[in-house]
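The lines below spell out each chain.
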Amino acid sequence: LPHLRAGCQDFAAKAEEISRARALNRQMLSNHATLLDLLEVPQLQDTCIRHGNYDEALDLESFVGKITVAHASDVPAVRALGDGARESSTVMLTQLLGRLKGAIQLPECLRIIGYLRRMAVLDETGLRRTFLKCREHFIADTVAELDDSSAYDYLKRLTDLHRVHLFDVVMQYRAIFAD
């Protein structure tokens, strides 16, 4: 009789454990669509970045940041979600800085600096320096492309290039960082 009683207690304990596991599985199944949407956020953020939809990518990063703050210590999948969002943000930062190094007009500069401010990866001084470094890189690349076969033509184009692009950079800087 004691062996039967112990066997029944073991059976009841295992049945209770299986019942709890089934309840967790049912709950997971009922929230499957939501969980799937959450796990797809890093890929969605990457897609937004690839297509230049930086506002949406920043919104997704903010969303993931809030979830990470609330649940990262409890749920390893949320930590992985936060890591994926940070990697996407690094890619976005690289793309935005690359665009600043190209031939762009003031409205595009304003948008890019706005995105960089929303990302909060640089303080205001660092943002100013980065802007000037990127624009200097653009001017240096443009100068490097000049044909230097004729000294007169080279100096004439060099002077024109500096006059036009330096004026643009100064006007962009003053419009973006109005003191």
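Residues numbered from 1 in each chain as written. Predicted model: local features only at pLDDT ≥ 70, side-chain atom pairs only at ≥ 80, totals over all residues. Heavy atoms only, no water.

(A) A look at the side chain of Gln-172. Residue position: Gln-172 is located in helix 8 (residues 151-176). Apart from residues lying up to four places away in sequence, Gln-172 is in contact with Ile-104, Gln-105, Leu-106, Cys-109, Phe-131 and Arg-135. (Helix = DSSP H or I, 4+ residues; strand = E, 2+ residues; numbered from the N terminus. Contact = heavy atoms within 4.5 Å.)

(B) Layout of the nonpolar core. Membership of the largest hydrophobic core comes to 25 residues, with the highest contact counts inside it found for Met-92, Leu-96, Leu-100, Ile-113, Leu-116 and Phe-131. Looking at this core, the elements with two or more residues in it are helix 3 (41-50), helix 4 (54-71), helix 5 (76-100), helix 6 (106-119) and helix 7 (124-144). If you tally residues by element for this core, the top one is helix 6, at 6 residues. Apart from the residues lying within four places of it in its own chain, the contact partners of Ile-113 are Leu-100, Leu-127, Phe-131, Ile-176 and Phe-177. Membership of the second largest hydrophobic core comes to 7 residues, among which are Phe-138, Ile-139, Leu-146 and Leu-158. (Core = buried A, V, L, I, M, F, W, Y, C linked by side-chain atoms within 4.5 Å. Buried < 20%, exposed > 50% of the residue type's maximum accessible area, 1.4 Å probe, protein only.)

(C) A look at the packing of helix 4 against helix 6. The geometry of helix 4 relative to helix 6 is characterised by a closest axis approach of 11 Å and an angle of 5° between their N-to-C directions. The orientation of helix 4 with respect to helix 6, classified from their angle, is roughly parallel. When helix 4 is examined against helix 6, the residues Tyr-54, Asp-55, Leu-58 and Asp-59 are found in contact with a partner set consisting of Tyr-115, Arg-118 and Met-119. The residue inventory of the contact of helix 4 with helix 6, partitioned by class, reads 4 nonpolar, no polar and 3 charged. (Axes fitted to C-alpha atoms, helices over the stretch in contact; angles between N-to-C directions. Parallel < 35°, antiparallel > 145°, perpendicular 65-115°, else oblique. Nonpolar A, V, L, I, M, F, W, Y, C, P; charged D, E, K, R; others polar.)

All we've got here are geometric facts, nothing functional implied.
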